[in-house]
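The lines below spell out each chain.
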Amino acid sequence: MEWNAETLQFLSQCFLHTLSPQPEPRRAAESSLAEAADRPNYGLAVLRLVAEPSVDEQIRQAAAVNFKNHLKTRWVPSNDPNASVTFPPILDPEKDQIKTLIVSLMLSSTPRIQSQLSEALAVIGKHDFPKSWPTLLPELISNLQKAAQSSDYASINGILGTANSIFKKFRYQYKTNDLLLDLKYCLDNFAAPLLEIFLKTASLIDSTAAAPGGGPPATLRPLFESQRLCCRIFFSLNFQELPEFFEDHMREWMGEFRKYLTTNYPSLESSSDGLALVDELRAAVCENISLYMEKNEEEFQGYLNEFASAVWSLLTNVSQSSSRDKLAVTAMKFLTTVSTSVHHTLFANEGVLPQICQSIVIPNVRLRDEDEELFEMNYIEFIRRDMEGSDLDTRRRIACELLKGIATNYKKQVIDIVSVQIQSLLSSFATNPSANWKDKDCAIYLVVSLATKKAGGTSVSTDLVDVQSFFLSVIVPELQSQDVNAFPMLKAGSLKFFTMFRGLIQKPVAFQLFPDLVRFLGAESNVVHSYAASCIEKLLLVKDEGGKARYTSADITPFVPVLMNNLFNALKFPESEENQYIMKCILRVLAVADISSEIAGPCIVGLTSILNEVCKNPKNPIFNHYLFESVAILVRRACERDTSLISAFEASLFPSLQTILATDVTEFLPYAFQLLAQLVELNKPPISPSYMQIFVLLLTPESWRRSSNVPALVRLLQAFLQKAPHEVNQEGRLNQVLGIFNMLVSSASTDEQGFYVLNTVIENLEYGVLSPYMSNIWNVLFMRLQNNRTVKFQKSLVIFMSLFLVKHGAQNLADTMNAVQANIFLVILEQFWVPNLKLITGAIELKLTAVASTRLICESPVLLDAAAARVWGKMLDSIVTLLSRPEQDRIEEEPEMPDIAENIGYTATFVKLYNAGKKEDDPLTDVKDPKQFLVASLAKLSAVNPGRYPQIINENLEPANQTALLQLCTTYNCQIV
């Protein structure tokens, strides 16, 4: 694309139309630009348009945004094989011209365009700086020094903003030699100019603020923004390690940092946006001193006392306004870091801890208007913060983390002080409950937040209060309150306490409150009915010593009709139609309670009604998963108890499942196939016509196109093979099934699924039916073995051959293989079966392969031949390894390379339904112990040929395996003679 008047006109018109409120001209312009973007020098032409002063500012701004986005997609070619669209990259000559123009153009632009070009420059810098753009830093420094001479802070801040963007990589990338070399280059060139502009700006702030009235805000604003950017660059350049230059000049930096924490700037702070600007600088300072406290404690210790005092004083004066949250949080984080360091003695002075608790912790733990608003307006976000721990950067959480930090070294003092505070808050509540309910909420929050959780477990403890008495005196009155809608935040806090300490509350006390929990499911507050559901769900998971469930089906079954009714009704509240906490509770209740037909009927109606609704627009994957698990567990448990329910469940579920299949609800297809598999398995042959329609659909290649559906389709196919083996052998269906096996086993990403199909075929069809197809099956397997021999495939092959042997005999196994190629059976045994046998995992698979291998060496004429003595010995060596050594001693996992090409484009992921899982069938129920089977078979074999086998064993088994075999013979009282 050449730069001329025609190009200028074309691009100007296009960008003007992209701003049009009318969709037609806007779409046409976007289409023209997308087409033009593929042409060489497009990016350069757009950049020149941005630089054209005669063009309207709005058009140039739109062009700047387009230019930035153009660079994001084309500066570096995409290596993502899953990318739906790949763009032609910008060529090197165009890149060089862009890099030559962009810095000067950015500095001469208006603020809005400057911010876009600064981001564009950062995109280039991320990939090219410094190695492929050695002129950038010298150009930025030269322009910075020029702008500093004339105090041009628009340009200064543009340059610092760019430097901040390109130096951010030093915060987030792993420390490597290349990164440290880049960092050294930046430090050598930029550390001194950075300090120079920082001190110059500091001096200007001091002189401006000293003027009558504190100086004009318009003058101060760019100066404070400049200092904030300097602080962020300081953070990046110091993140990896303390540079020598910064250590040498620590006094200058720290002196200014402390000043910003201790000085007020009334002329700027009198407006909300001015205060926000000053607070951003202070927060950046707090992050810098926290960094030094964490990484450079020794060098920083001389400044620690004055900073701790400054931050403490700052916190006592920071208002509760949400606009000051970031400052409050970063300041408290600094004190928390100090409290857990060797300098914690700062907190040991008399009166310090009570003052921190009263003036910093309690004010920041108390509920604010913003918390109440979040509770009412966005319950999901409130729960994420309050219950699920995503509140890491909230005042409430950080204030409690500060207390925990101090308690690391002063546990008793913290407990004493906080206990007194809790009692004081509860006394305040008691004097006027309706006015002082936030005091009680604060007390409960302190107990919950300061509780100690055991690593990896669910048990919690606290030294602040006696849990039983606190629960009875403080929590129970709230839970027994008849008005479920009064003081909802207090109710939520009480339910959270119950949930948190559920393991410590005795069963009679907790169980007495069960009807109240059920009642709270009817609360209008989304948080309250969510917490009630969560509490019930977690209570049903409580285990006593020995792992026995504390609450059994006998305990909860009497409550189930009203409980399920309230749970389904809770899903009708506005905003709770897809409430995952409610659905998870439904799932848990269905897993524990006795499911009678009186319960099952309304439940399946309720669940299918919800399923029909979410099919229209699946939004919440967690809710949807719990929904399908609930259906699966209801079907499984109800039909196990009463098989007459199967037809009623089919009548309810079939229309919904057919809707999913007919309308291709991508997210739900894997779930639908798994539920259908479950229903097929529950049926007794013959299979009904409606299922046969699905079976026919299942055998078409189109059904298998989406990789996310494959595991669920295999699961369904296995169910049909198991329940309808007669129908499989009709109308060419077995051919189609084996075609599916062929397709799956040919790829490393689905070969395991292919073996699941093949193994199910072998298990359920007679040898006479299979015999004509065996040559074809072996050809497919040998071809794959030749082309892509992974450990996973070889293990699956050994399992398949073992299954074939125990189902259809060693002779048929050898004959069908040798029919493909003469004597290949012995080759496969020696090269694949023997070395891979010891890698088998899984109880059923281990038993199957061990028994099959034992039968081979004890029954197969090929192996009993004297010429095969070495293979016989090596096979026995592998069997003994498999049976005598623990899994971790015999297995080295091979990292499997995924088949990239098969994952191109978006696919919904497969999620297994735990409650619709296939029961693992043991094909050898008559063999209880494979070890006993081995030595008994060997003893019987050796009795026929005395003296032959001890010599083969001595020559071919590892010494450790000879010892292990001898031990097995002794254990089972068998002798190899």
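Predicted, not measured: the structure shown is a model, and the values here were computed from it.

Chemist: Hey, could you run me through the overall build of the chain in this one?
Modeler: Helix and strand counts for the chain stand at 51 helices and 2 strands. Its C-alpha atoms put the chain at 110 × 80 × 65 Å along the principal axes. A total of 977 residues make up the chain; the buried ones form 53% of that total. Surface accessibility of the chain: about 43500 Å² in total, with carbon and sulfur atoms responsible for 52%. In the chain, the 87 positive side-chain charges and the 107 negative ones have mean positions that sit 3 Å from each other.

Chemist: Can you help me understand the packing of aromatic side chains in this one?
Modeler: Under the definition given, this model contains 41 aromatic pairs. With centroids separated by 6.0 Å and ring planes inclined at 75°, the aromatic side chains of Phe198 and Phe257 adopt a geometry described as edge-to-face. Of the two residues, Phe198 is situated in helix α10 (residues 177-209) and Phe257 in helix α13 (residues 250-262); the sequence distance between them amounts to 59 residues. Summarising the burial analysis for this pair, Phe198 and Phe257 share the class buried. Among the aromatic side chains, those forming a connected cluster through ring pairs are Phe198, Phe234, Phe245, Phe246, Trp253, Phe257, Tyr292, Phe300, Tyr303 and Phe307.

Chemist: Even after reading the chapter, I still don't get helix α5 (residues 92-108), so can you show me in this structure?
Modeler: Residues lying three or four places apart along an α-helix face the same way, a consequence of the helix completing one turn every 3.6 residues. Compared with an ideal rise of 1.5 Å per residue, which puts 17 residues at 24 Å, α5 spans 25 Å between its outermost C-alpha atoms and is within 8% of the ideal. Along α5, the sharpest kink reaches roughly 35°, centred on Ile102. Regarding α5, the residues found buried are Glu94, Lys95, Ile98, Lys99, Ile102, Val103, Leu105, Met106 and Leu107. In this structure, the buried side of α5 is in contact with α3 (42-50), α4 (57-74), α6 (111-128), α7 (136-149) and α8 (153-167).

Chemist: Would you mind showing me how to read the pattern of salt bridges here?
Modeler: Working definition: two side chains of opposite charge can pair if their charged atoms are close together. For the structure on display, the rule yields 50 salt bridges. Between Asp279 and Arg282 there is a salt bridge whose closest N-O contact spans 3.2 Å. Highlighted residues: Asp279 and Arg282, both in helix α15 (residues 272-295), separated by 3 residues, approximately one helical turn. Lys847 is the salt-bridge partner of Asp922, the closest N and O atoms lying 2.7 Å from each other. With Asp922 in the loop between α48 (887-890) and α49 (930-944) and Lys847 in helix α45 (residues 843-859), the pair connects residues that are 75 residues apart, well separated along the chain. Here Lys847 falls in the buried class, since its relative accessible area comes to 11%. Overlapping salt bridges, with partners in common, bring together Glu269, Asp279, Arg282 and Arg324 in one network.

Chemist: I keep staring at the packing of α6 against α8 and nothing clicks. Help me out?
Modeler: Angle between the axes and distance between the axes are the two parameters that describe a pair of packed helices. Interhelical geometry of α6 versus α8 gives an angle of 30° and a closest axis separation of 9 Å. The orientation of α6 with respect to α8, classified from their angle, is roughly parallel. Judged by the sense of rotation from one axis to the other, the crossing of α6 with α8 is right-handed. Residues Gln114, Ser118, Leu121, Ala122 and Gly125 of α6 pack against Ala154, Gly158, Gly161, Thr162, Ser165 and Ile166 of α8. Here the residues of the contact of α6 with α8 sort into 4 nonpolar, 7 polar and no charged.

Chemist: In this structure, what is going on with the nonpolar core? I would like to understand it.
Modeler: As a rule of thumb, nonpolar side chains are buried together in soluble globular proteins. Grouped together as the largest cluster of nonpolar side chains are 350 residues, with contacts concentrated most on Phe167, Leu446, Leu781, Phe800 and Trp833. Here this core gets 15 residues from one element, more than from any other, and that element is helix α21 (residues 395-431). Leu446 has contacts with Val361, Ile362, Val365, Cys400, Leu403, Val418, Ile422, Leu425 and Leu464, leaving out every residue within four places of it along the chain.

Chemist: What should I look at first to understand helix α22 (residues 437-449) in this one?
Modeler: Here α22 is 13 residues long and its end C-alpha atoms lie 18 Å apart, about the 18 Å a rise of 1.5 Å per residue gives. Counting buried positions along α22 gives 13 out of 13 residues, so the element sits mostly inside the fold.

Chemist: What am I meant to see in a negative patch on the surface here?
Modeler: There is a patch of like negative charges on the surface, built from Glu244, Glu247, Asp248, Glu298 and Glu299. Of all elements in the fold, only α12 (244-248) and α16 (297-317) reach the threshold of two or more residues within the negative patch. Per-element tally for the negative patch: the top contributor is α12, with 3 residues.

Chemist: Looking at this structure, how should I read unusual backbone geometry?
Modeler: Working note: non-glycine residues mostly have negative phi, and peptide bonds are mostly trans. Cis geometry is adopted by the peptide bond preceding Pro130, which originates at Phe129 and carries an omega value of -5°. Secondary-structure assignment places Pro130 in the loop between α6 and α7. Unlike most non-glycine residues, Ser151 shows phi in positive territory, near 50°. Looking at the element boundaries, Ser151 is found in the loop between α7 and α8.

Chemist: Could you clarify how one ought to interpret the packing of helix α38 (residues 733-745) against helix α41 (residues 774-787) in this entry?
Modeler: Between α38 and α41, the least distance of the axes is 10 Å, while the angle of their chain directions is 5°. Of the possible angle classes, the one that applies to α38 and α41 is roughly parallel. Residues Leu738, Phe741, Asn742 and Val745 of α38 pack against Ile777, Val780, Leu781 and Arg784 of α41. Of the residues assigned to the contact of α38 with α41, the class counts are 6 nonpolar, 1 polar and 1 charged.

Chemist: What am I meant to see in the environment of Val311 here?
Modeler: Mapped onto the elements of the fold, Val311 is located in helix α16. As a C-alpha pair, Val311 and Tyr581 span 270 residues in sequence and 40 Å in three-dimensional space. Contact partners of Val311, with chain neighbours within four places excluded, come to Leu261, Cys286, Ile289, Ala331, Phe334 and Leu335.

Chemist: Where do I start with the state of the cysteines in this structure?
Modeler: Each disulfide consists of a covalent bond between the sulfur atoms of two cysteine residues. Taken as a whole and judged by the stated rule, the model has 0 disulfides. Of the cysteine sulfurs around Cys585, a residue in no disulfide, the closest is that of Cys535, at 9.4 Å. Since its relative accessible area comes to 0%, Cys585 is described here as buried. The thiol sulfur of Cys639 is not disulfide-bonded, and the nearest other cysteine sulfur, from Cys603, lies at 13 Å. Residue classification places Cys639 among the buried residues on the basis of a relative accessible area of 2%.

Chemist: Mind showing me how you'd approach the environment of Ile622 here?
Modeler: Looking at where Ile622 falls in the secondary structure, it is placed in helix α32 (residues 621-641). With relative accessibility at 41%, the residue Ile622 sits in the partly exposed group. Sequence separation between Ile622 and Leu934 is 312 residues; the distance between their C-alpha atoms is 48 Å.

Thresholds applied
Residues numbered from 1 in each chain as written. Predicted model: local features only at pLDDT ≥ 70, side-chain atom pairs only at ≥ 80, totals over all residues. Heavy atoms only, no water. Helix = DSSP H or I, 4+ residues; strand = E, 2+ residues; numbered from the N terminus. Buried < 20%, exposed > 50% of the residue type's maximum accessible area, 1.4 Å probe, protein only. Areas by Shrake-Rupley, 256 points an atom, 1.4 Å probe, with all protein chains shown as cover. Lys, Arg positive; Asp, Glu negative; His and termini not counted. Charge placed at Lys NZ, Arg CZ, Asp CG, Glu CD. Phe/Tyr/Trp six-rings, centres within 6.5 Å; stacked < 30°, edge-to-face > 60°. Expected span 1.5 Å × (residues − 1). Bend = angle between axes of the 7 residues up to and from the residue. Contact = heavy atoms within 4.5 Å. Salt bridge = Lys/Arg side-chain N within 4 Å of Asp/Glu carboxyl O. Axes fitted to C-alpha atoms, helices over the stretch in contact; angles between N-to-C directions. Parallel < 35°, antiparallel > 145°, perpendicular 65-115°, else oblique. Left-handed = near helix turned anticlockwise from the far one by under 90°. Nonpolar A, V, L, I, M, F, W, Y, C, P; charged D, E, K, R; others polar. Core = buried A, V, L, I, M, F, W, Y, C linked by side-chain atoms within 4.5 Å. Patch = residues over 30% accessible without salt bridge, like charges linked within 9 Å, V, L, I, M, F, W, Y side chains within 5 Å. Disulfide = S-S within 2.5 Å.

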